[in-house]
Amino acid sequence: MQVSNDLGSNPLAAQACSAPSADAREQVLRRMALNYEAILQTASIGIAFTRELYFEHVNPRLEDMFGWPRGTLAGQLSQVVFPSKADFDELFSYTQPLLMQGLAVDFERELARRDGSLFRGHIRANSVDPLRPRESGVIWIVEDITEHHRSVQELQRVRDELEMRVRERTDALARANEHLLNEIAERRVAECRIRHLAHHDSLTGLPNRRLLEQRVGEALTQARQRGRGCAVVFLDLDRFKTINDSLGHGVGDGLLKAVARRLAEVVRPTDTVARVGGDEFVLLLADIAGADDAVHVAERVLERLSQPYRIERHSLRITPSIGIALSPRDGDEAETLLGHADAAMYHAKAQGRQCFQFFTENVLRSSSQRLQMENELHGAVLHGELRLHYQPRIELARGTLSATEALVRWQHPEKGLVSPGEFIPLAEETGLIHAIGDWVLREACRQQRLWRDRGLPVKPVAVNLSAQQFRSRDLHDSIRRILSDARLPAHLLELEITESTLMHNTGETLDTLQRLASSGVKISIDDFGTGYSSLAYLKRFPVDLLKIDRSFVRDIHTDPDDAAIVRAIIGLAKSLGLQVVAEGVETREQANFLNATGCDEVQGFLFGRPMPPEGVEQYIAGVCTMPV
Ligand code: C2E
Ligand code: MG
Ligand code: MG
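Report on the accompanying structure. Every chain's residues receive numbers from 1 upward, in the order its sequence appears when written. All chains are assigned letters beginning at A, and all ligands numbers beginning at 1, according to the order in which they are written. Per-residue local features are limited, in this predicted model, to residues with pLDDT of at least 70; the limit for side-chain atom pairs, both in listing and counting, is 80 or more; totals at the level of whole chains, interfaces and linings are taken over all residues. The basis for every side-chain value is the complete set of heavy atoms in the structure, and neither hydrogens nor water enter the calculation.

### Details of the overall build of the protein chain
Secondary structure elements follow DSSP: runs of H or I no shorter than four residues count as helices, runs of E no shorter than two count as strands, and numbering proceeds from the N terminus. Within the protein chain, the secondary structure is distributed over 24 helices and 21 strands. Throughout, radius of gyration means the C-alpha value; the globule benchmark is 2.2 Å times the number of residues raised to the power 0.38. Compactness check: the protein chain gives a C-alpha radius of gyration of 56 Å against a globular reference of 25 Å for 628 residues, more than 25% above the reference. In terms of overall dimensions, the protein chain has a C-alpha envelope of 180 × 65 × 50 Å along the principal axes. Here the protein chain holds 628 residues, and the buried ones make up 43% of them. Of the contacts formed within the protein chain by residues at least 6 apart in sequence, a portion of 61% connects residues at least 24 apart. Accessibility here uses a 1.4 Å probe with only protein chains present; expressed as a share of the type maximum, an area under 20% marks a residue as buried, one over 50% as exposed, and anything in between as partly exposed. Residue contacts are defined here by distance: any two heavy atoms, one from each residue, within 4.5 Å place the two residues in contact.

### Describing the packing of aromatic side chains
Any Phe, Tyr or Trp ring, taking Trp's six-membered ring, that has another such ring centre within 6.5 Å forms a pair; planes under 30 degrees apart are called stacked, those over 60 apart edge-to-face, and the others tilted. Following the criterion strictly, the structure yields 7 aromatic pairs and no others. Seen from their ring centres, Tyr-94 and Phe-107 are 5.8 Å apart, and the 80° between their planes marks the pair as edge-to-face. Of this pair, Tyr-94 sits in helix H5 (residues 85–100) while Phe-107 is found in strand S3 (residues 105–112), placing the two residues 13 residues apart along the sequence. Relative accessible area serves as the criterion here: at 40%, Tyr-94 is assigned to the partly exposed category. Given the relative accessible area of 8%, Phe-107 is considered buried. In this structure an aromatic cluster arises from ring pairing among Phe-82, Phe-88 and Phe-92. Each ring is checked for a lysine NZ or an arginine CZ that lies within 6 Å of its centre and within 35 degrees of its normal; such an atom marks a charge sitting over the ring. A cation over an aromatic ring shows up here: Arg-262 above the ring of Tyr-309, its NZ or CZ 3.6 Å from the ring centre. Between Arg-609 and the ring centre of Phe-605, over which it is positioned, the NZ or CZ distance is 3.8 Å.

### Concerning the environment of Ser-127
In this structure, Ser-127 sits in strand S4 (residues 118–127). Residue class for Ser-127 comes out buried when judged on its relative accessible area of 11%. In this structure, the C-alpha to C-alpha distance between Ser-127 and Val-273, residues 146 residues apart in sequence, is 101 Å. For Ser-127, the residues in contact, after removing those within four places along its chain, are Leu-99, Pro-133, Gly-137 and Val-138.

### Some thoughts on helix H11 (residues 291–305)
Taking 1.5 Å per residue as the helical rise, H11 with its 15 residues ought to reach 21 Å, and the 21 Å between its terminal C-alpha atoms agrees with that figure. When we look at burial in H11, the residues that qualify are Ala-294, Val-295, Val-297, Ala-298, Val-301, Leu-302 and Leu-305. Relative to the axis of H11, the buried residues are bounded by an arc of 165° and lie together on one face. Where the residues of H11 are buried, they touch strand S6 (229–237), helix H10 (249–266), strand S8 (280–288), strand S9 (309–311), strand S11 (320–326) and strand S12 (356–358). Here a helix's expected span is defined as the number of its residues, less one, multiplied by 1.5 Å. As used here, the arc belongs to the directions running from the helix axis to the C-beta atoms.

### Regarding the sheet that holds strand S1 (residues 46–51)
When DSSP locates at least two bridges between a pair of strands, those strands are taken to pair. One open sheet accounts for 5 strands, arranged S2-S1-S5-S4-S3; its pairing is antiparallel. Two strands close off the open sheet at either side, each with one partner strand: strand S2 (54–58) and S3. In this sheet, adjacent strand axes meet at a mean angle of 35° when their direction is disregarded. Sheet analysis places S1 next to S2, joined by 4 bridges and oriented antiparallel. Residue Thr-50 lies in a different strand from S2, and its bridge partner there is Phe-55. Only the contacting stretch of a helix is used when fitting its axis, a line to C-alpha atoms as for every element, and angles between N-to-C directions run 0 to 180 degrees. Contacts from H5 reach S3, S4 and strand S5 (138–144) within the one sheet, and its direction differs from that of S3 by about 165°.

### Concerning the coordination of the magnesium ion (ligand 3)
When four donors bind a metal tetrahedrally, each ideal donor-metal-donor angle is 109.5 degrees, and when six bind octahedrally, the ideal angles are 90 or 180 degrees. Looking at the magnesium ion (ligand 3), one finds its protein donor set to be Asp-526 (OD), Asp-527 (OD), Glu-583 (OE) and Glu-583 (OE), positioned 2.1 to 2.4 Å from the metal centre. Between the magnesium ion (ligand 3) and the magnesium ion (ligand 2) the interatomic distance amounts to 4.0 Å, and Asp-526 serves as a bridging ligand to the pair. You can see Asp-526 sitting in strand S18 (residues 522–528) and its partner Glu-583 sitting in the loop between strand S20 (579–582) and helix H23 (588–597), a full 57 residues away along the chain. Distances up to 2.8 Å from the metal define which N, O and S atoms are donors, and 3.2 Å serves for Na, K and Ca; water is absent from the atom set, so sites may look incomplete.

### Description of the sheet that holds S6
Overall, mixed pairing links the 5 strands, which are arranged S7-S8-S6-S11-S12 in an open sheet. Unpaired on one side and paired on the other, strand S7 (272–277) and S12 mark the two borders of the sheet. Each strand axis lies, on average, 20° off the axis of its neighbour in the sheet, ignoring direction. Where S7 meets S8, 5 bridges bridge the pair, whose relative direction is antiparallel. When the sheet's bridge partners are listed, Gly-277 is paired in S8 with Glu-280. In the packing of helix H8 (residues 209–226) onto the sheet, contacts are made with S6, S7 and S8, and the angle to S8 comes to roughly 20°. Relative to S11, H11 is tilted by about 165°, and along the sheet it contacts S6, S8, S11 and S12.

### Thoughts on the coordination of the magnesium ion (ligand 2)
For the magnesium ion (ligand 2), every protein donor is listed as Glu-405 (OE), Asn-464 (OD1), Glu-496 (OE) and Asp-526 (OD), and the spread of their distances is 2.0 to 2.3 Å. Judged by its relative accessible area of 28%, Asn-464 is partly exposed.

### Brief notes about the pairing of S7
Across the 6 residues of S7, 5 count as buried, placing the element largely inside the fold. A loop of 2 residues connects S7 with S8, the two strands running antiparallel in sequence.

### With respect to unusual backbone geometry
Of the consecutive residues Ser-327 and Pro-328, the connecting peptide bond is found in the cis state with omega at 0°. Examined against the element boundaries, Pro-328 turns out to sit in the loop between S11 and helix H12 (334–350). The backbone of Arg-239 shows a phi angle near 55°, a positive value even though the residue is not glycine. Relative to the helices and strands, Arg-239 is located in the loop between S6 and helix H9 (240–247).

### Side note on the pattern of salt bridges
Criterion for a salt bridge: a side-chain nitrogen of Lys or Arg within 4 Å of a carboxyl oxygen of Asp or Glu. For the structure shown, the criterion picks out 37 salt bridges. One salt bridge connects Arg-157 with Glu-161, and the closest N-O pair in it is separated by 2.9 Å. One end of the pair, Arg-157, and the other, Glu-161, are both in helix H7 (residues 146–199), 4 residues apart, so they sit about a helical turn from each other. Using a relative accessible area of 40% as the deciding quantity, one classes Arg-157 as partly exposed. Given the relative accessible area of 32%, Glu-161 is considered partly exposed. Between Lys-415 and Glu-376 there is a salt bridge, and its shortest N-O distance comes to 4.0 Å. In this pair, Lys-415 is assigned in the loop between strand S14 (400–412) and strand S15 (416–418) and Glu-376 in helix H13 (residues 361–382), connecting sequence segments 39 residues apart. Judged by its relative accessible area of 51%, Lys-415 falls in the exposed class. Judged by relative accessible area, which is 22%, Glu-376 ranks as partly exposed.

### Digging into a negative patch on the surface
Surface patches are drawn from residues lacking salt bridges whose relative accessible area is over 30%; two like charges belong together within 9 Å, two nonpolar side chains (Val, Leu, Ile, Met, Phe, Trp, Tyr) within 5 Å. The Shrake-Rupley method, run with a 1.4 Å probe, gives the accessible areas here. Residue values count only the displayed protein chains as cover. In this charge count, Lys and Arg are treated as positive and Asp and Glu as negative; neither His nor the chain ends contribute. Lysine's charge is taken at NZ, arginine's at CZ, aspartate's at CG and glutamate's at CD. Side chains of Glu-213, Asp-332, Glu-333 and Glu-335 sit close together on the surface and give a patch of like negative charge. Within the secondary structure, Glu-335 is located in helix H12.

### Side note on the side chain of Asp-271
Relative to the elements of secondary structure, Asp-271 occurs in the loop between H10 and S7. The class for Asp-271 is buried, based on a relative accessible area of 9%.

Here it is in structure tokens:
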């Protein structure tokens, strides 16, 4: 049973055991055919058998897949399931050689339904007899993989999209990173710049006072260790302010830069050149054997800086005053050494400029005297120690008084009468000039009122205005107030402003002058010839009078250049319609020369020194005339 059962379930095995009858064989074959037919009918994949390119047998699944009603696809040329003849031909030329080699083909491609719509098919094919694939027939297994293909494509799209996003994100991160790195680099540069700015002067790029103090400290430590010394050389440019005020800050800045360059050439690379103030520079000679080394440097600085400069279109000359302090002799701390070199520089300036001065006991004494004077000057204003002296100004043609100039003095309790040259620069430095200037204006106007009240034929009084006063915002108002308090008409007050003050910031100057002139006050240019006047401005400024500086008048007879300058100034004043006064006239020859040249007025010891109010009264009263 077991065997027959086995045999019944396996016809081929049964064949092998005994020779079956024709009926039995036919039965077996029919059963096989039925079995295979059943497999074909129920298969969930499309199966076709083609011969000579025609469908000979197809299963229902294949017909459904291609949209052919049952029983209609068999007998059709297999080309009908391809989108075009070209597709079919291409497939044919691809599959035929493989099938002929007995190989199975396996591929995917677009297939066409009966209604022309397309779908994606996976095809596997095998020939029954590789030697004659067309004639023997080919078995095709077809699957509709449209959905699968779509999912794969979708998956691919999603993956591509994801990859793209990742790429984009990576790029964005890379960019952000680069941006961050740039920012860090920029911040480092900015920090460097800030650190540099904190330690350097922005105009010249030289170390500033802060860095200098640090370096002096370091140099002192090293010098101590080596048993050597160092020197601090403090230098200030003589009359730099005149250049800055007259030719403008552009030229001033250019000159400072040129000075900085020349100083750097004079010292060794291990030394330091610093700028510590407007026109103040300090050289630190870090390692010197003795005072002689500092002398050599100071001489080289004097020589090098005194050579002419070409700034913009100006040819300029400037000289330094130099103070030197040595370690350990004059101090072994940065602050002390710098202070002592500064004091020595002041001394050099007082000695007549363009020279150098070592720090000494004498320097110390005079610097503490200066400090004392500064303190006392505060008291001078408060305690009423200031006095006004008046110097007559004479009209040359008639020899009569044309005006007086009020010149301040300090009646010091111990020193006696101190001249303005000794305290006005200090007052300007400390800002006390505002209080002093205000007092002078009030006192001069009060005195005029007094003389007027006594019926004297008063002439205008000229009052000197310092640059700081001239630039103060309330100048115009305070002058009006002072005149009104003294009940004095404006034409009895004249203001003397130096040439260099006028040439500073010419736009604002013009404004101030116009306001002053409109109030009726007369304006004169003092010390004319010592600044760097621009003739164009002279013409525009509403000034009434030029005062030729006494340095030109002094040698008028011995120096042909001075005579020519005085003649030129008088000619210029005339052509601009200005009155001209010569200062410092001490001899009759000078007065005669000036008279012959057309000068209007003179002022000088020949006609009267500055004197207390009582002295000048006789001039005002007309008692004292000066025939020239
Ligand atoms: P300044 O305005 O040019 O005044 C003329 C100076 O020349 C006066 O010097 C006067 O004494 C002097 N002087 C006049 N005639 C002769 C002369 O024939 N020979 C010589 N060698 N000198 C003569 P002082 O009084 O010492 O004044 C000097 C400077 O001080 C003045 O020069 C002026 O710039 C300034 N100053 C005087 N008083 C004041 C003031 O109240 N305010 C301001 N800001 N400065 C003043
Ligand atoms: Mg004057
Ligand atoms: Mg003068």
